[in-house]
2 protein chains.
Amino acid sequence: KAAASAETVEVEPEAKEAIEVVEDGEVKTQDAAADDEKDIRPDFEALVLRVQQEICDAISGLDGHKFRVDEWERPNNRGIGKSCVLQDGNVFEKAGVNVSVVKGPLPPAAVSQMRSRGKPLREGAKPNFYAAGISLVIHPHNPMAPTVHLNYRFFQVEDPETKEKSWWFGGGADLTPSYLFEEDAVEFHSALKAACDKHDPTYFDRFKKWCDEYFYIKHRKESRGIGGIFFDDLDERPANSVSRKDLTDREAIMAFSKDCLESFVPTYISIMKRRKDMPFTPEQKEWQQLRRGRYVEFNLVLDRGTKFGLSTPDNARIESILVSLPLTARWEYMHEPEEGTEEAKIMDVVRNPRDWAV
Amino acid sequence: KAAASAETVEVEPEAKEAIEVVEDGEVKTQDAAADDEKDIRPDFEALVLRVQQEICDAISGLDGHKFRVDEWERPNNRGIGKSCVLQDGNVFEKAGVNVSVVKGPLPPAAVSQMRSRGKPLREGAKPNFYAAGISLVIHPHNPMAPTVHLNYRFFQVEDPETKEKSWWFGGGADLTPSYLFEEDAVEFHSALKAACDKHDPTYFDRFKKWCDEYFYIKHRKESRGIGGIFFDDLDERPANSVSRKDLTDREAIMAFSKDCLESFVPTYISIMKRRKDMPFTPEQKEWQQLRRGRYVEFNLVLDRGTKFGLSTPDNARIESILVSLPLTARWEYMHEPEEGTEEAKIMDVVRNPRDWAV
């Protein structure tokens, strides 16, 4: 068993930001009745573990290689995780699918940061946190096939004195092709839109926009990919929500996360089947490698989860954090594709994000 | 002419740190007579431009390919630069040799950060800065040949009201082999030690230690390479300095920087001649690629100059900053070399820095 961390579920941004700027001291009061609601943690853990297995089975089925599985534990009963990695397969260069369930005392810096984000935590409280999630990054060999990232997580904080709990969901999925196939972009976004629309008419547009903003490589003035959805701090249904009325907010948002998560396998496998055996030239492979370089730049320079993980190596399972990096990448000085080429076409999309869903 | 920045001389860490922790408010008083000293800026600029040419000639001579030269200007007479890059040559995968000379008003955040570092700046002053330097990173193709980084810079700040100036030098050179050749490590360090010893008996040991500390990849618990020297804020001679007594401190430290800088070409060319044509296996090339991945991690996650440059894209010439990245790199999940191998030997050195100079 390996050393462990929560980074694999990308829950750490919270803690990292605590030592950064506190923007707003206002504390929102969450419905106190939430305390009496059904504990969804066992269901959420079962969900992410089941889907992790389904994703690994689907990816492995397409590739022919098996995943290496590392189960790890944090000392003092502070959590468990399962890292599944398929490296240098027939179809995939690297595929990492992680689940982790971690808990423990929330650092004071994280407490004040969460208060600033509107979490109803008492000043001076020493809350315990719980975080569970699934996270994946998949890099195919074929430059016509897109890289994909996905993450869904549930976070809960409990005041040990008042027993008051606050909770929220975060997550999303986003696609990073080296070459643009509009058919893939439309299929990926439409599946997510369908999952969103089952729950709330505002979700998809909000979360697509959030995705474009979050995965923006500032120093390159371009997005990492062509979009998807991204959300965080989701802890109540909007007023015009269309999800089942017999569910609590917590159950309803879990159902939403579940629908998004379960849309992944059919969509990505469908895209991969179209792309994995397409012919390509050495020049196209090289272009993919340059785009992989940008992926590395985003993950190492900007991604909040990765940055936090790397800044706290003693608490982190570094190998699970960095499994998101591609097997290979390339950086050329002053490379810019010629106008009118397929390479220029994808650059135009990452510089000017588009709506794809139908 | 391209958009421009000071990043190419790695002078920006100052400004970046200003928004980080201020450790110590004490302000040191620098000798006011410094104002009347000879202006060394023209000599320093001439030095770095001459040596840039010599380095490019030497590297180009070994490689057979020529450097691409981009001269750039910052708007409003705020500086000039010359970026020389040789990419995908016969011997070198990527070699970037940059000179820049930049000036302008120092941002308020940088002022308070510099005061905290002991620079004699008045509170509320709006000083102008001047920064000149040479910076290079060279990545050879052959995995037996080491990557090298070098940077020497002169920084000056002037209070526009009192006309008081403060100034300092920074710089160093460090070697990053994928395979350990003790002969190379000894030659590289001994040349730097000889240059240091001509000026002060304490320099080499201090600056080797500083180098090991600065180029440490915290999240990997290993150094980027096997060392060299690194110094910053150097603005006076130690008491037992052995440099020429007829020189001012400023001239003496410039002479020291010059000796270090001029030791580079003979040393690195000598090492490269031994390594550039050595036979190697595909496995050894792959190991080099993994070590290149670590280089990328250091530069994108930890290097202060790179981080600052990437966080201020509008002031930065991004291509000059990121020319330090290798052409190609690789990340494998859970890779660890077997005990007793040559790969394990270099890991032992980066985990336990050694003294090499004789």
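The structure this text deals with has already been given above.
Now for a quick tour of the structure. Throughout, a residue's number is its position along its own chain's written sequence, starting from 1. Throughout, the order in which chains and ligands are written sets their labels, letters from A for the former and numbers from 1 for the latter. Only residues with pLDDT of at least 70 are given local features in this predicted model, and only at 80 or more are side-chain atom pairs given and counted; all residues enter the totals for whole chains, interfaces and linings. Based on all heavy atoms of the structure, the side-chain values leave hydrogens and waters out of the count.

### Examining the overall build of chain A
Move 1: Per the convention used, a helix needs a DSSP run of H or I reaching at least four residues, while a strand needs a run of E reaching at least two, with both numbered from the N terminus. Within chain A, the regular secondary structure consists of eleven helices and ten strands.
Move 2: Remark: exposure states derive from per-residue accessible area (1.4 Å probe, protein chains only) relative to the maximum for the residue type, with buried under 20%, exposed over 50%, and partly exposed in between. Among the 358 residues that make up chain A, the fraction classed as buried is 60%.
Move 3: We call two residues in contact whenever any of their non-hydrogen atoms come within 4.5 Å of each other. Restricting the contact set of chain A to residue pairs at least 6 apart, pairs at least 24 apart contribute 74%.
Move 4: Carbon and sulfur atoms make up 50% of the accessible area of chain A, which amounts to about 14,400 Å² in all. Only the protein chains shown count as cover for residues, and all accessible areas are computed by the Shrake-Rupley method using a 1.4 Å probe.

### Re the relation of the copies chain A and chain B
Move 1: Least-squares fitting of chain A to chain B yields an RMSD of 0.0 Å, with the superposition described by an axial translation of 0.0 Å and a rotation of 180 degrees. Each copy turns onto its partner about a two-fold axis. Across chain A, the smallest distance between a C-alpha and the rotation axis is recorded for Ala329(A), namely 2.7 Å.
Move 2: Mapped onto chain B, 97% of the interface residues of chain A again fall at the interface, so both copies present the same surface. We place the copies in one frame by least squares, fitting the C-alpha atoms of every residue whose pLDDT is at least 70 in both.

### A word on the side chain of Thr306(A)
Residue and element names in this part refer to chain A.
Move 1: Within the element layout of this structure, threonine 306 appears in helix α9 (residues 304–311).
Move 2: Given the relative accessible area of 5%, threonine 306 is considered buried.
Move 3: We define a polar contact as two N or O atoms separated by no more than 3.5 Å, with the added condition that, inside protein, one atom must be a possible hydrogen donor and the other a possible acceptor, whereas residues neighbouring each other in sequence contribute only through side-chain atom pairs. Among the polar contacts listed, one links the side chain of threonine 306 to the side chain of aspartate 303, at a separation of 2.9 Å.
Move 4: Beyond its immediate chain neighbours, meaning those up to four positions away, threonine 306 contacts Asn299, Leu300, Ile321 and Leu322.

### Description of the interface of chain A and chain B
Move 1: Taken together, the 34 residues of chain A in the interface contact 33 residues of chain B.
Move 2: Counting each side, the surface lost to burial between chain A and chain B is near 3,100 Å², with a carbon and sulfur contribution of 58%.
Move 3: Ranking the residues of chain A by area buried against chain B places Glu319(A), Trp331(A) and Tyr333(A) at the top, with a combined share of 27%.
Move 4: A pairing counts as a salt bridge when a side-chain nitrogen of Lys or Arg comes within 4 Å of a carboxyl oxygen of Asp or Glu. Run the count over chain A and chain B and you get two salt bridges.
Move 5: A salt bridge links Glu319(A) to Arg220(B); the nearest nitrogen and oxygen atoms lie 3.4 Å apart.
Move 6: Counting across the chain A and chain B interface gives 15 residue pairs in polar contact (both at pLDDT 80 or more).
Move 7: Broken down by secondary-structure element, the contributors of at least two residues to the side of chain A that touches chain B are β1 (68–73), β2 (79–87), α8 (282–302), α10 (318–321) and β10 (328–330) of chain A.
Move 8: Following the grouping adopted for this structure description, the nonpolar residues are Ala, Val, Leu, Ile, Met, Phe, Trp, Tyr, Cys and Pro, the charged ones are Asp, Glu, Lys and Arg, and the polar ones are all others, Gly among them. For the side of chain A that touches chain B, a count of residues per class yields 16 nonpolar, five polar and 13 charged. Two parts lose some accessible area (1.4 Å probe) when they are put together, and adding that loss for both gives the buried area.

### What to know about the sheet that holds β1(A)
Residue and element names in this part refer to chain A.
Move 1: Read from one edge of the open sheet, seven strands run β1-β2-β3-β4-β5-β6-β9, paired in antiparallel fashion. The open sheet has two edge strands with one neighbour each: β1 and β9 (227–234). When the angles between neighbouring strand axes are averaged without regard to direction, this sheet yields 5 degrees.
Move 2: Pairs of strands are assigned from DSSP output, requiring at least two bridges between the strands. In this sheet, strand β4 (residues 128–140) lies alongside strand β3 (residues 92–105) in antiparallel orientation, the contact comprising 13 bridges. What sits directly across from serine 100, in β4, is glycine 133.
Move 3: Helix axes use the C-alpha atoms of the stretch in contact, all axes being lines fitted to C-alpha atoms, and the angles between their N-to-C directions lie in the range 0 to 180 degrees. Packing against the sheet, helix α4 (residues 182–197) makes contact with β5 (147–158), β6 (165–176) and β9, and its axis sits at approximately 30 degrees to β9.

### Looking at the side chain of Glu319(B)
Move 1: Its location among the elements puts Glu319(B) in helix α10 (residues 318–321).
Move 2: Take Glu319(B): its relative accessible area is 18%, and that puts it in the buried class.
Move 3: A polar atom in the side chain of Glu319(B) sits 2.8 Å from the backbone nitrogen of Met334(A).
Move 4: Filtering out sequence-adjacent residues up to four positions away, Glu319(B) remains in contact with Arg220(A), Glu332(A), Tyr333(A), Met334(A) and His335(A).

### Topic: the pairing of β1(A)
Residue and element names in this part refer to chain A.
Move 1: Across six bridges, β1 lies against β2 in antiparallel orientation. When the bridges of β2 are listed, glutamate 73 appears paired with isoleucine 80.
Move 2: Between β1 and β2, which pair antiparallel one after the other, the connecting turn spans five residues, and asparagine 76 there sits at a positive phi close to 60 degrees.

### Brief notes about unusual backbone geometry
Residues other than glycine predominantly adopt negative phi, and peptide bonds predominantly adopt the trans conformation.
Move 1: The phi dihedral of Asp233(A) is positive, around 60 degrees, even though this residue is not glycine.
Move 2: Its relative accessible area of 24% is what places Asp233(A) among the partly exposed residues.
Move 3: Even without being glycine, Lys221(B) reaches a positive phi, approximately 55 degrees.
Move 4: In this structure, Lys221(B) sits in the loop between β7 (216–217) and β8 (222–223).

### Quick notes on the packing of helix α4 (residues 182–197) of chain B against helix α6 (residues 249–262) of chain B
All names here are of chain B.
Move 1: Between α4 and α6, the least distance of the axes is 9 Å, while the angle of their chain directions is 160 degrees. In this view, α4 runs roughly antiparallel relative to α6, as classed from their interaxial angle. Of the two elements, α4 crosses α6, and the hand of that crossing is right-handed. Here Leu192, Ala195 and Cys196 of α4 lie close against α6, whose contacting residues are Phe256, Asp259 and Cys260.
Move 2: Tallied by class, residues from the contact of α4 with α6 come to five nonpolar, no polar and one charged. Note on angle classes: values under 35 degrees are labelled roughly parallel, values over 145 roughly antiparallel, values of 65 to 115 roughly perpendicular, and the remainder oblique. Crossings are sorted by hand: turned counterclockwise from the far helix by less than a right angle, the near helix makes the crossing left-handed, and turned clockwise it makes it right-handed.

### A word on the pattern of salt bridges
For side chains bearing opposite charge, pairing can occur when the charged atoms are close.
Move 1: Tallying each qualifying case throughout the model produces 72 salt bridges over all chains.
Move 2: Note that Asp184(B) is salt-bridged to Arg274(B), the shortest N-O span being 2.9 Å. Taken together, the residues Asp184(B) in helix α4 and Arg274(B) in helix α7 (residues 264–275) connect sequence positions 90 residues apart.
Move 3: The exposure class assigned to Asp184(B) is buried, which follows from its relative accessible area of 4%.
Move 4: Note that Asp246(B) and Arg244(B) form a salt bridge whose closest N and O atoms lie 2.8 Å from each other. The burial state of Asp246(B) is the same as that of Arg244(B); both residues are exposed.
Move 5: Each of Glu183(A), Asp184(A), Glu187(A), Arg274(A) and Arg275(A) takes part in a single network of salt bridges with overlapping partners.

### Comments concerning the packing of aromatic side chains
Move 1: For this analysis, a ring pair means two rings from Phe, Tyr or Trp (six-membered ring only for Trp) whose centres lie within 6.5 Å, classed as stacked if their planes differ by under 30 degrees, edge-to-face if by over 60, and tilted for the remaining angles. In the structure shown here, the tally under the stated rule is 44 aromatic pairs over all chains.
Move 2: Aromatic side chains Phe154(A) and Phe169(A) sit 4.7 Å apart centroid to centroid with 45 degrees between the ring planes, which places their arrangement in the tilted category. Of this pair, Phe154(A) sits in strand β5 while Phe169(A) sits in strand β6, and the two are 15 residues apart along the sequence.
Move 3: Looking at Phe169(A), the relative accessible area reads 0%, which means it is buried.
Move 4: Aromatic side chains Phe264(B) and Tyr268(B) sit 5.4 Å apart centroid to centroid with 15 degrees between the ring planes, which places their arrangement in the stacked category. Of this pair, Phe264(B) and Tyr268(B) both sit in helix α7, four residues apart, roughly one helical turn.
Move 5: Since its relative accessible area comes to 0%, Tyr268(B) is described here as buried.

### Brief notes about the sheet that holds strand β5 (residues 147–158) of chain B
Residue and element names in this part refer to chain B.
Move 1: Across the sheet, which stays open at both edges, the seven strands sit in the order β1-β2-β3-β4-β5-β6-β9 with antiparallel pairing between neighbours. For this open sheet the edge positions go to β1 (68–73) and β9 (227–234), each flanked by a neighbour on one side alone. Along the sheet, successive strands turn relative to each other by an average axial angle of 5 degrees, direction set aside.
Move 2: Set on the sheet, α6 makes contact with β4 (128–140), β5, β6 (165–176) and β9; between it and β6 the angle comes to about 15 degrees.

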